[in-house]
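Structural description and commentary
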Amino acid sequence: MKRIIGFLLILSIIVSFAECNLEDRATKESIISFVLENEESILKCIETGDYTSIENNKLITEINFEKNCVDFYCGGMGFGSGSMYVGFFYSKEDDIKAVWCAPSLTEHTLIPCDDGYIWKEVWTDEGGDITYYAEKICENIYYYEALF
């Protein structure tokens, strides 16, 4: 009986740790497709401030209103310093660095990468593994990835 209880305890711990790494994020392709197919609706929501028409889809998990943009969070994965977040954002100024996870471009430079731009924290003796990637989808709307 003690062996069965011990086995079940170990099994539950393993399952708990495995669940921490489950992905609940949308793919880059699905985010870009969603924006291109719903661009008019997204822009109308931003203009009117009424997001009910796009809130109940399976892609967007949260909408955050920031000083210079509207962030449409589409999920993430990982835990703590091993995290990744994805989504898209609208910037009225068409600013690739308007979202919360972008580095300050006065101190850091984005470099071309694939169809977008990337910034990676320079590794030092103290560590560092932060990455920001953004890609323009359409006028004023960008896809983003943030890795910590």
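Throughout what follows, the structure given in this document is the object of discussion.

Conventions adopted
- Residues numbered from 1 in each chain as written.
- Predicted model: local features only at pLDDT ≥ 70, side-chain atom pairs only at ≥ 80, totals over all residues.
- Heavy atoms only, no water.
- Helix = DSSP H or I, 4+ residues; strand = E, 2+ residues; numbered from the N terminus.
- Buried < 20%, exposed > 50% of the residue type's maximum accessible area, 1.4 Å probe, protein only.
- Areas by Shrake-Rupley, 256 points an atom, 1.4 Å probe, with all protein chains shown as cover.
- Pairing = 2+ DSSP bridges.
- Axes fitted to C-alpha atoms, helices over the stretch in contact; angles between N-to-C directions.
- Bend = angle between axes of the 7 residues up to and from the residue.
- Contact = heavy atoms within 4.5 Å.
- Salt bridge = Lys/Arg side-chain N within 4 Å of Asp/Glu carboxyl O.
- Phe/Tyr/Trp six-rings, centres within 6.5 Å; stacked < 30°, edge-to-face > 60°.

Quick word on the overall build of the chain
Per the secondary structure count, the chain includes three helices and seven strands. Order of helices (α) and strands (β) in the chain, N terminus to C terminus: α-α-α-β-β-β-β-β-β-β. Across the 148 residues of the chain, 36% fall into the buried class. Total accessible area on the chain stands at roughly 9,600 Å², and carbon and sulfur atoms take up 55% of it.

Description of the sheet that holds strand β3 (residues 84-90)
Reading across from one edge, β1-β2-β3-β7-β6-β5-β4 is the order of the seven strands in this open sheet, with antiparallel pairing throughout. The strands lining the two open edges of the sheet, one partner per strand, are β1 (62-65) and β4 (111-113). With direction set aside, neighbouring strand axes in the sheet form an average angle of 30°.

Observations concerning the pairing of strand β7 (residues 141-147)
Among the seven residues in β7, six count as buried, and that is most of the element. With seven bridges joining them, β3 and β7 adopt antiparallel strand pairing. Looking at the pairing, Met 84 lines up with Leu 147 of β7. Between strand β6 (residues 131-138) and β7, which pair antiparallel in sequence order, lie two residues; one of them, Asn 140, sits at a positive phi of approximately 70°.

Examining the pairing of β1
Sheet analysis places β1 next to strand β2 (residues 70-77), joined by four bridges and oriented antiparallel. Considered in β2, the bridge of Glu 62 is made with Tyr 73. Counting the residues in the hairpin turn of β1 and β2 gives four residues.

A closer look at helix α2 (residues 28-48)
Along α2, the largest kink reaches about 75° and is centred on Asn 38. Against α3 (52-55), β2, β3, β6 and β7 lie the buried residues of α2. Of the residues trailing α2, Gly 49 is marked for its positive phi of about 80°.

Description of the pattern of salt bridges
Working definition: two side chains of opposite charge can pair if their charged atoms are close together. All told, the structure shown has three salt bridges when counted by the stated rule. We note a salt bridge from Asp 94 to Lys 136, for which the minimum N-O separation is 2.5 Å. Of this pair, Asp 94 sits in the loop between β3 and β4 while Lys 136 sits in strand β6; the two residues are 42 residues apart in sequence, bridging distant segments of the chain. Among the residues examined, Lys 136 registers a relative accessible area of 39% and is labelled partly exposed. One salt bridge connects Lys 97 with Asp 95, and the closest N-O pair in it is separated by 3.1 Å. Take Lys 97: its relative accessible area is 36%, and that puts it in the partly exposed class.

Points about the packing of aromatic side chains
Inspection of the entire model under this criterion finds 11 aromatic pairs. Taken together, a centroid distance of 6.0 Å and an interplanar angle of 20° make the contact between Trp 100 and Phe 148 stacked. Taken together, the residues span a long stretch of sequence, with Trp 100 in the loop between β3 and β4 and Phe 148 in the segment after β7 at a distance of 48 residues. Taking 6.4 Å as the distance between ring centres and 65° as the angle between the ring planes, the aromatic pair formed by Tyr 133 and Tyr 143 counts as edge-to-face.

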